[in-house]
Amino acid sequence: MPLTVQINSFSYKKSGIPKDETENGGGFVFDCRFMNNPGRQTEFKEKHGKDTEIIEFLNAQDSMQGFLKNVYSIIDPAIENFIERGFSNLMISFGCTGGQHRSIYSAERTKEHILKKYPGVNVVVKHREFEHLN
């Protein structure tokens, strides 16, 4: 059975850290709240992390790119180890204030990273505050 990586975006204020429903009982949780929040700008309030304007805004932030680089340096060895050991599940979650911009963006970029680097891995993304984006 291939490894399934479940990636969550969530709001610390609305729903809190997602519970791992697998037998593992945990996973990685990354806090995006220290990043510049596009939601504080009027033109971005109704947008989300999959919208082009938000992607461009966050792509341009060195702090966001450095954050994701650090995330990948943590999760890549875990993914490789889980594959090697035959594990079936790994959970990675990204939280921000409203679960709308930074966490969705980070979850989507991480999905792209995993699919490119580990093509045999099944990736499932859940945006808890914006289920219509799943």
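Everything below is about the structure printed above this text.
Residues numbered from 1 in each chain as written. Predicted model: local features only at pLDDT ≥ 70, side-chain atom pairs only at ≥ 80, totals over all residues. Heavy atoms only, no water.

A. Main features of the overall build of the protein. Counting its regular elements, the protein contains three helices and four strands. When the helices and strands of the protein are read in sequence order from the N terminus, they spell out β-β-α-α-β-α-β. With the principal axes as the frame, the protein shows a C-alpha extent of 45 × 30 × 25 Å. By residue count, 49% of the 134 residues in the protein fall in the buried class. Sequence separation of at least 24 residues holds for 77% of the intrachain contacts in the protein that already meet a minimum separation of 6. (Helix = DSSP H or I, 4+ residues; strand = E, 2+ residues; numbered from the N terminus. Buried < 20%, exposed > 50% of the residue type's maximum accessible area, 1.4 Å probe, protein only. Contact = heavy atoms within 4.5 Å.)

B. Structural detail: the packing of aromatic side chains. Counted by the stated rule, this structure contains eight aromatic pairs. A ring pair is formed by Phe44 and Phe57, whose centres lie 5.3 Å apart and whose planes are at 65°; its orientation type is edge-to-face. Here Phe44 is found in the loop between strand 2 (28–31) and helix 1 (52–59), whereas its partner Phe57 is found in helix 1, with 13 residues between them in sequence. The same class applies to Phe44 and to Phe57, which are both buried. Members of the aromatic cluster, each reached through a chain of ring pairs, are Phe28, Phe30, Phe34, Phe67 and Phe94. The residue whose ring lies beneath Arg33 is Tyr12, and the NZ or CZ to ring-centre distance is 3.8 Å. For Arg109, the ring lying beneath its charged end belongs to Tyr105, and the centroid distance is 4.8 Å. (Phe/Tyr/Trp six-rings, centres within 6.5 Å; stacked < 30°, edge-to-face > 60°. Lys NZ or Arg CZ within 6 Å of the ring centre and 35° of its normal.)

C. Region of interest: the layout of surface pockets. In this structure, the largest pocket occupies an estimated 210 Å³ of space. Where the lining of the largest pocket is concerned, the elements lending two or more residues are strand 1 (4–11), strand 3 (89–96) and strand 4 (122–127). Of the residues belonging to the lining of the largest pocket, the class tally is three nonpolar, six polar and six charged. For the second largest pocket, the calculated volume is near 170 Å³. Lining the second largest pocket are Lys14, Asn37, Gly39, Lys45, Cys96, Thr97, Gly98, Gly99, Gln100, His101 and Arg102. Classifying every residue of the lining of the second largest pocket gives one nonpolar, seven polar and three charged. (1 Å grid on protein atoms, 1.4 Å probe; cavity = no way out; pocket = protein on both sides within 12 Å on 5 of 7 lines; lining within 4 Å. Points joined across faces, edges and corners; volume = space filled by probe spheres on them. Nonpolar A, V, L, I, M, F, W, Y, C, P; charged D, E, K, R; others polar.)

D. Layout of the sheet that holds strand 1. Taken in spatial order, the four strands make up an open sheet running 2-3-1-4, and their pairing is parallel. Each having just a single partner strand, strand 2 and strand 4 make up the two edges of the open sheet. Averaged over all adjacent pairs, the angle separating strand axes in this sheet is 15°, with direction ignored. The pairing of strand 2 with strand 3 spans four bridges and is parallel. From the neighbouring strand, Phe28 faces strand 3, where its bridge partner is Ile92. Along the sheet, helix 2 (residues 62–85) contacts strand 2 and strand 3; its crossing angle with strand 2, the most-contacted strand, is approximately 175°. (Pairing = 2+ DSSP bridges. Axes fitted to C-alpha atoms, helices over the stretch in contact; angles between N-to-C directions.)

Remember that the coordinates give geometry; whether it matters functionally is a separate question.
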